[in-house]
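Fold and geometry: a report
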Amino acid sequence: MQNTQPIGIFDSGVGGLTVASAIHRLLPQESFIYFGDTRHAPYGDKSKSTILDYSRRISKFLVESNCKAIVIACNSASATAYTELREDWPQIPILNVVDPVVREVARLKARKVGLIATRATVRSELYPKSLQQFDAQALMVQKATPLLAPLVEEGFAGTKVSRGALEHYLQDPSLEDLSHLILGCTHYPLLQKEIEDYFHQKVQVLNSADLVAIALQKMLEQKALLNTHGLPASMQFYVSEKTDAFRDTAKLFFGQEIDLQERLLPA
Ligand code: DGL
């Protein structure tokens, strides 16, 4: 394995771009290959076996594209497929988006933590179980918010549609009196400002993007895989179906037109 090889990053669609852009900001010398499975988004309402199947096939594509590490930039896939992917590819370092956030919540000594996420992530109970291991004192309440990822995927963040959906979900009494709220879906940072406004900035909202980028840096350092050559990095974007929303969101994050390639998931 060479440290100049790219990092593979995947999600069901645009959500993982929040993670990819944080990685690019922190580690601009690293090349990456991004895969957004737009043909099958959203993942959050699919069964464990379906999400696992898609995750395995995307990982195969990334490994065959010579990636030195994989970032599962999707909570639903992290909660469903992380263990299996590590078994499938023991030689490749694989990072999920859940662990770095849970560690941060424990470090912050949060009192009452809310988690909003897809049904798949909530159903897995991964966040409350992991938090228990780090900080048995913190109380965690979970709320599935299945409309939010499709809404972001379709480019409706920052509109009255997103505000209406957020109000509907966030007024749930279980989310009263939070000290922290985890955005447990990588699509949700695109709604972060609206969410903070809803809580009148009184709840500390945590998104995984920067925390995952830092965790990736550490992981690559430990494995001597950090690119120290300072070569110009390349960014490659693949989707299983081209969408205008993906192109627009990628442009928003990377400040330039991107070369978007369509690729079906391997068998
Ligand atoms: N962005 C993904 C997540 O973090 C998937 C959302 C979806 O496709 O439902 O869960």
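Here's what I pulled together on the structure shown here. (Residues numbered from 1 in each chain as written. Predicted model: local features only at pLDDT ≥ 70, side-chain atom pairs only at ≥ 80, totals over all residues. Heavy atoms only, no water.)

**Things to note about the sheet that holds strand E6 (residues 139–144)**
Quick reminder of the rule: Two strands pair under a simple rule: DSSP has to find at least two bridges between them. Helix and strand definitions follow DSSP, with helices as H or I runs of at least four residues and strands as E runs of at least two, each counted in order from the N terminus. The axes are straight lines fitted to the C-alpha atoms, using for helices just the contacting stretch, and the angles between their N-to-C directions are given from 0 to 180°. For this analysis, residues touch if any pair of their heavy atoms sits within 4.5 Å.
Taken together, the four strands give an open sheet; going across it, the order is E6-E5-E7-E8, and neighbouring strands pair in parallel fashion. Each end of this open sheet is capped by a strand with a single partner; those strands are E6 and strand E8 (204–206). Going across the sheet, the axis of each strand differs from the next one's by a mean of 20°, ignoring polarity. Looking at chain direction, strand E7 (residues 180–184) and E8 are connected through three bridges and run parallel. By the bridge assignment for E8, isoleucine 182 is matched with leucine 206. Against the sheet, helix H6 (residues 126–134) engages strand E5 (112–117), E6 and E7, with an angle of about 165° to E6.

**Concerning unusual backbone geometry**
A cis amide bond links alanine 41 with the next residue in sequence, proline 42, at an omega value of 0°. For proline 42, the location among the structural elements is in the loop between strand E2 (32–36) and helix H2 (48–64). Phi is positive for histidine 200, which is not a glycine, with a value near 50°. The residue histidine 200 is located in the loop between helix H9 (192–198) and E8 in this model.

**Considerations on the pattern of salt bridges**
As a reminder, the rule being used: Within this document, salt bridges are pairs made up of a side-chain nitrogen of Lys or Arg and a carboxyl oxygen of Asp or Glu, the two lying within 4 Å of each other. Classification of residues uses two cut-offs on accessible area relative to the type maximum, computed with a 1.4 Å probe and protein chains only: under 20% is buried, over 50% is exposed, and between them is partly exposed.
Within the structure shown, the criterion is met by twelve salt bridges. A salt bridge links aspartate 53 to arginine 57, with the shortest nitrogen-to-oxygen separation between them at 3.0 Å. On the criterion of helical spacing, the pair formed by aspartate 53 and arginine 57 is a turn pair, its members being four residues apart in helix H2. Overall, the relative accessible area of 34% leaves aspartate 53 in the partly exposed class. The exposure class of arginine 57 is partly exposed, given its relative accessible area of 22%.

**A short note on the packing of aromatic side chains**
A ring pair, where both rings are aromatic, is described by two values, the distance of the centres and the angle of the planes. Put simply, the rule reads: Pairing of aromatic side chains here covers Phe, Tyr and the six-membered ring of Trp, requires ring centres within 6.5 Å, and sorts the geometry by plane angle: under 30 degrees stacked, over 60 edge-to-face, intermediate tilted.
If you walk through the whole model with that rule in mind, you get nine aromatic pairs. Ring geometry for phenylalanine 61 versus tyrosine 238: centroids 5.0 Å apart, planes at 75°, classification edge-to-face. Of this pair, phenylalanine 61 sits in helix H2 while tyrosine 238 sits in strand E9 (residues 235–239), and the two are 177 residues apart along the sequence. By the burial criterion, phenylalanine 61 is buried, and tyrosine 238 matches it. Three or more aromatic residues link up through ring pairs in this structure, and these residues are Phe32, Tyr34, Phe237, Phe246 and Phe254.

**Some details on helix H4 (residues 99–108)**
The complete set of buried residues in H4 reads Pro100, Val101, Val102, Glu104, Val105 and Ala106. Along its buried surface, H4 packs onto strand E4 (94–96), E5, H6, E7, E8 and helix H10 (208–222). Looking at the residues trailing H4, positive phi occurs at lysine 109, about 50°.

**Focus on the site of the ligand**
Formally: By convention in these notes, a residue is near a molecule or strand provided one of its non-hydrogen atoms lies within 4 Å of it. Polar contact criterion, stated in full: a pair of N or O atoms within 3.5 Å, where within protein one must be able to donate a hydrogen and the other to accept it, and residues adjacent in sequence count only if both atoms are side-chain atoms. Computed by Shrake-Rupley with a 1.4 Å probe, the accessible areas treat only the displayed protein chains as cover when residues are assessed.
For the ligand, the set of nearby residues contains 13 residues, the closest of which are Ser12, Tyr43, Asn75, Ser76 and His187. Within the backbone of tyrosine 43, an N or O atom sits 2.7 Å from an oxygen atom of the ligand. Within the backbone of asparagine 75, a nitrogen or oxygen atom sits 2.7 Å from an oxygen atom of the ligand. If the ligand stood free it would expose 300 Å²; the protein chains cover 99% of that surface.

**Here's the deal with the side chain of serine 59**
Of note, serine 59 is situated in helix H2. Serine 59 sits in the buried class, given a relative accessible area of 0%. Ignoring any residue separated from it by four or fewer positions in sequence, one finds serine 59 in contact with Phe10, Ile70, Leu85 and Trp89.

**Considering the pairing of E5**
The element E5 is largely enclosed, with a buried count of six among its six residues. Here E5 shows a buried face lined by Lys112, Gly114 and Ile116 and a second buried face lined by Val113, Leu115 and Ala117. Summarising the sheet, E5 and E7 pair through five bridges and their orientation is parallel. Bridged to isoleucine 116 within E7 is leucine 183.

**What to know about the state of the cysteines**
In plain terms, the rule: Note on terminology: disulfide denotes any pair of cysteine sulfur atoms within 2.5 Å.
Counted by the stated rule, this structure contains zero disulfides. No disulfide involves cysteine 185; its nearest neighbouring cysteine sulfur is the one of cysteine 74, lying 6.8 Å away.

**Notes on the packing of helix H1 (residues 17–26) against H10**
To keep it simple, the criterion reads: Every angle not falling under 35 degrees, over 145, or within 65 to 115 is termed oblique; those three ranges are roughly parallel, roughly antiparallel and roughly perpendicular. Left-handed describes a crossing whose near helix is turned anticlockwise from the far helix through less than a right angle; right-handed describes the clockwise counterpart. Lys, Arg, Asp and Glu make up the charged group, whereas Ala, Val, Leu, Ile, Met, Phe, Trp, Tyr, Cys and Pro make up the nonpolar group; the residues left over, Gly among them, are polar.
Two elements in contact, H1 and H10, have axes whose closest approach is 8 Å; the angle formed by their N-to-C orientations is 50°. Of the possible angle classes, the one that applies to H1 and H10 is oblique. Remark: the crossing between H1 and H10 carries right-handed chirality. Residue-level contacts link Thr18, Val19, Ala22, Ile23, Arg25 and Leu26 of H1 to Ala209, Asp210, Val212, Ala213, Ile214, Leu216 and Gln217 of H10. Per-class residue counts for the contact of H1 with H10 are nine nonpolar, two polar and two charged.

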